[in-house]
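# Topology and contacts: notes
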Number of protein chains: 2
Amino acid sequence: MPAPLLPPGALDLTGAAAGGRRALQRRTMAALLGAGYAEVMTPTVEYEEVFLRAGGAPVAERLLRFVDRDGRILALRYDFTASVARVAATTFAEHTGPLRLAYTGPVFRQDPERGSRARETLQLGAELFGIAGLEGDLELVRLTLALARAAGLTDFQINLGHVGALAPGLAALEGELRVRVLRWIDRKDKANLARALEDQSAAARALTALAGVIGRRNALEEALAGAPPAAHAALTHLLALDAALSDADRAHIVYDLGEVRGLDYYTGVHFELFVAGIGRAAGAGGRYDGLVGKFGRERPAVGVSLDLDTLADGVATVEP
Amino acid sequence: MPAPLLPPGALDLTGAAAGGRRALQRRTMAALLGAGYAEVMTPTVEYEEVFLRAGGAPVAERLLRFVDRDGRILALRYDFTASVARVAATTFAEHTGPLRLAYTGPVFRQDPERGSRARETLQLGAELFGIAGLEGDLELVRLTLALARAAGLTDFQINLGHVGALAPGLAALEGELRVRVLRWIDRKDKANLARALEDQSAAARALTALAGVIGRRNALEEALAGAPPAAHAALTHLLALDAALSDADRAHIVYDLGEVRGLDYYTGVHFELFVAGIGRAAGAGGRYDGLVGKFGRERPAVGVSLDLDTLADGVATVEP
């Protein structure tokens, strides 16, 4: 009788692969607890509605779901942010002041186009509720830097943007054109982008330049000089955040206004963590002030999540 | 829009409930690593066949399962033992000598009779492959004691039995009578048990006395004096195990030959961990030499798993 194979996208981890992930999890969780975050444990299986309410259509096609005995649709945890936002709105419905929650565990996603990709990945992250604007953003950016250091990373970078940079220009575009423009921005195809926008309003045409902004403080300053007034608030916000960072922290930050993934989800700053030598993000975060309200209580929120599987690839050796 | 409720048997853990579990997990895993066990991480979702092959009919009705995109039946992890046995037989197919593996994570079970009971619980455990007989049994009993101490328990007890004590008598019984006898043994109903067995063979009639044996070394010695020859090997094995334990370890051991749950699963010693004040077992283990072979390679195996949710109830305060 041959041993059964694993389902597509499932993986056994042994030896250093398992030990390294557990050590990363322990170290980064210790950093979160040290920063005042308290762990919450949410169920691995929830009603699909929780994840759909938080993530909408892009989540719907990637959920792993099944029917419960009572006929209701369950889903494996797609992300923690939805569940933790639900907890913030329910368990902590009467909580006042800042609420700092941490989490870690597996999340489950299937990619309709890439069946064999891992469907289960190990995440760890934090959510800060109740602190709006720059103060909360700064705390999360610093926390992300602290997590990267706790993980043992030295050569890493945070690509930081703000939805308010492109939002005014994108809002001026109609449905189909908007989709095309987003695709060209995502592909960094400046020529096609400029061509698509040449007959559009000044705010829309400004997208060509703004979407190409990537660099340090001076890139933001240059962008601000040429940006339409509607984009000023976002750029000024990023400049204020930059001014508040220490030199050591600032050395890891690159401002990137051309990141469009998650644009419908975030409501302010958003960022991705990249580790030298790894082609995909090892973490992501941002502000989503609209999320907790979907579960019954309006609260400003900003968070970060790390992909510990990707991170383990980026950390040469993890001491247990 | 009201916040969605959680599915039956799902739970959010916050504050000390979450922190306590994580601390217990960290401490007990550290004890396992210190004892030479290496962590393996198996997928949360596997083919149902893995769990059915290991656990058979009692598992079948308690699995949480769903259909994969390719039509095959998946199940949420019912226990780690099945998955770790699969890993031992496949990833470690060429491994020689003792193999010590540890694990921790959620397991998922639904109870057909008690719908609202927790369907997800947090487990941690260890499996020792490749050491047959007393030597392996001793290592696992000592490891279980070390785990209980690492968890911070002081007032706890291991109820230890051996399937070989009752197996000869049970083997002499036919189907329906065997089921009835098992039920009376489980209920400790000595009167009905004796009545059911009065017309049976001497080996079967010996069940009445053997199933009632519970105590320290002297209880085993008394049992041995009156037991049928077929039960001697099991009793002698337990006596040898007792002799090898230190006084401090022995103080936590109670021999209990009347435990019939898992009788079809274990092939030698089996035990449960009880914590003062908690009415259900906080851990269980035993020898199952037939399990790994079901995945393609015969290896002796003995293991233990802790229910960290139950354990958390038994530990007054868990320091982070």
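Quick summary incoming for the structure in this document. (Residues numbered from 1 in each chain as written. Chains lettered and ligands numbered in written order. Predicted model: local features only at pLDDT ≥ 70, side-chain atom pairs only at ≥ 80, totals over all residues. Heavy atoms only, no water.)

### As for the sheet that holds strand β4 (residues 73-76) of chain B
All names here are of chain B. The 3 strands are arranged β2-β4-β3 in an open sheet whose pairing can be described as antiparallel. Each end of this open sheet is capped by a strand with a single partner; those strands are β2 (45-47) and β3 (65-67). Ignoring which end each strand starts from, the neighbouring axes of this sheet average 35° apart. Summarising the sheet, β2 and β4 pair through 3 bridges and their orientation is antiparallel. (Pairing = 2+ DSSP bridges. Helix = DSSP H or I, 4+ residues; strand = E, 2+ residues; numbered from the N terminus. Axes fitted to C-alpha atoms, helices over the stretch in contact; angles between N-to-C directions.)

### Description of the interface of chain A and chain B
Contact with chain A, which involves 54 residues of that partner, is made by 55 residues of chain B. Both faces combined, the contact of chain A with chain B buries some 4400 Å², and carbon together with sulfur accounts for 60% of it. Inspection of the region where chain A meets chain B yields 6 salt bridges. Among the ionic pairs, B:R86 bridges to A:D12, the shortest N-O distance being 2.7 Å. Put simply, chain A and chain B have 12 residue pairs in polar contact (both at pLDDT 80 or more) between them. Contributing elements (two or more residues each) for the side of chain A that touches chain B: α1 (15-34), β2 (45-47), α2 (48-55), β3 (65-67), β4 (73-76), α4 (80-89) and β5 (99-108) of chain A. At 5 residues, the largest contribution of residues to the side of chain A that touches chain B is made by α1(A). Tallied by class, the residues present in the side of chain A that touches chain B amount to 28 nonpolar, 10 polar and 16 charged. (Contact = heavy atoms within 4.5 Å. Buried area = accessible area lost by both parts, 1.4 Å probe. Salt bridge = Lys/Arg side-chain N within 4 Å of Asp/Glu carboxyl O. Polar contact = N/O pair within 3.5 Å; in protein donor to acceptor, adjacent residues only side chain to side chain. Nonpolar A, V, L, I, M, F, W, Y, C, P; charged D, E, K, R; others polar.)

### A look at unusual backbone geometry
Residues and elements named next belong to chain A. Even without a glycine there, the phi angle at K188 is positive, about 55°. Note that K188 resides in the loop between α7 (175-186) and α8 (190-197). Looking at K188, the relative accessible area reads 55%, which means it is exposed. (Buried < 20%, exposed > 50% of the residue type's maximum accessible area, 1.4 Å probe, protein only.)

### Considerations on the sheet that holds strand β11 (residues 283-287) of chain A
Residue and element names in this part refer to chain A. Read from one edge to the other, the open sheet built from 9 strands follows the order β1-β5-β6-β12-β11-β10-β7-β9-β8, with strand pairing classed as mixed. For this open sheet the edge positions go to β1 (38-39) and β8 (214-215), each flanked by a neighbour on one side alone. With 4 bridges joining them, strand β10 (residues 269-275) and β11 adopt antiparallel strand pairing. Each residue of the ladder has a partner; that of E272, found in β11, is A284. Sitting on the sheet, α4 is in contact with β5 and β6 (120-129), with an inclination near 140° to β5.

### Some points on the packing of aromatic side chains
Here the structure, examined in full by the defined rule, presents 9 aromatic pairs over all chains. Where A:Y265 meets A:Y288, the ring centres are 5.7 Å apart and the plane angle is 40°; that geometry is what we call tilted. Remark: A:Y288 occurs in the loop between β11 and β12 (301-307) and A:Y265 occurs in the loop between β9 (253-256) and β10; sequence separation between them is 23 residues. Assessed through its relative accessible area of 4%, A:Y288 is described here as buried. Here B:Y266 and B:Y288 contribute two aromatic rings whose centre-to-centre distance is 6.3 Å and whose plane-to-plane angle is 35°, an arrangement assigned as tilted. Here B:Y288 lies in the loop between β11 (283-287) and β12 (301-307) and B:Y266 lies in the loop between β9 (253-256) and β10 (269-275), a separation of 22 residues in the sequence. In this structure an aromatic cluster arises from ring pairing among A:Y265, A:Y266 and A:Y288. When the ring centre of A:Y47 is taken as origin, the NZ or CZ atom of A:R72, which lies over that ring, is 3.6 Å away. For the cation-ring pair, A:R183 lies above A:W184, with the distance from its terminal atom to the ring centre recorded as 6.0 Å. (Phe/Tyr/Trp six-rings, centres within 6.5 Å; stacked < 30°, edge-to-face > 60°. Lys NZ or Arg CZ within 6 Å of the ring centre and 35° of its normal.)

### Regarding the pattern of salt bridges
Taken as a whole and judged by the stated rule, the model has 42 salt bridges over all chains. In this structure, the salt-bridge partner of B:D68 is A:R119, at a minimum N-O distance of 2.9 Å. Placement of B:D68 in the loop between β3 and β4 and of A:R119 in the loop between β5 and β6 is noted, with the two residues assigned to different chains. What makes B:D68 buried here is its relative accessible area of 7%. You can call A:R119 buried: its relative accessible area is 8%. Among the ionic pairs, A:E259 bridges to A:R261, the shortest N-O distance being 3.0 Å.

### Quick word on helix α11 (residues 232-244) of chain B
For the α-helix, the turn length of 3.6 residues means that residues three or four positions removed from each other point alike. Relative to the 18 Å expected for 13 residues at 1.5 Å per residue, α11(B) spans 18 Å between its end C-alpha atoms, a close match to the ideal helical length. Among the residues of α11(B), those classed as buried are B:A234, B:L235, B:H237, B:L238, B:L239, B:L241 and B:D242. (Expected span 1.5 Å × (residues − 1).)

### So, the packing of helix α7 (residues 175-186) of chain B against helix α8 (residues 190-197) of chain B
Residue and element names in this part refer to chain B. One way to put it is that α7 packs onto α8 with a least axis distance of 8 Å and a crossing angle of 155°. Taken together, the axes of α7 and α8 lie roughly antiparallel to each other. Crossing of α7 over α8 shows left-handed handedness. Between α7 and α8, the contacting residues are L177, V181, W184 and I185 on the first element and N192, L193, A196 and L197 on the second. Counted by class, the contact of α7 with α8 contains 7 nonpolar, 1 polar and no charged residues. (Parallel < 35°, antiparallel > 145°, perpendicular 65-115°, else oblique. Left-handed = near helix turned anticlockwise from the far one by under 90°.)

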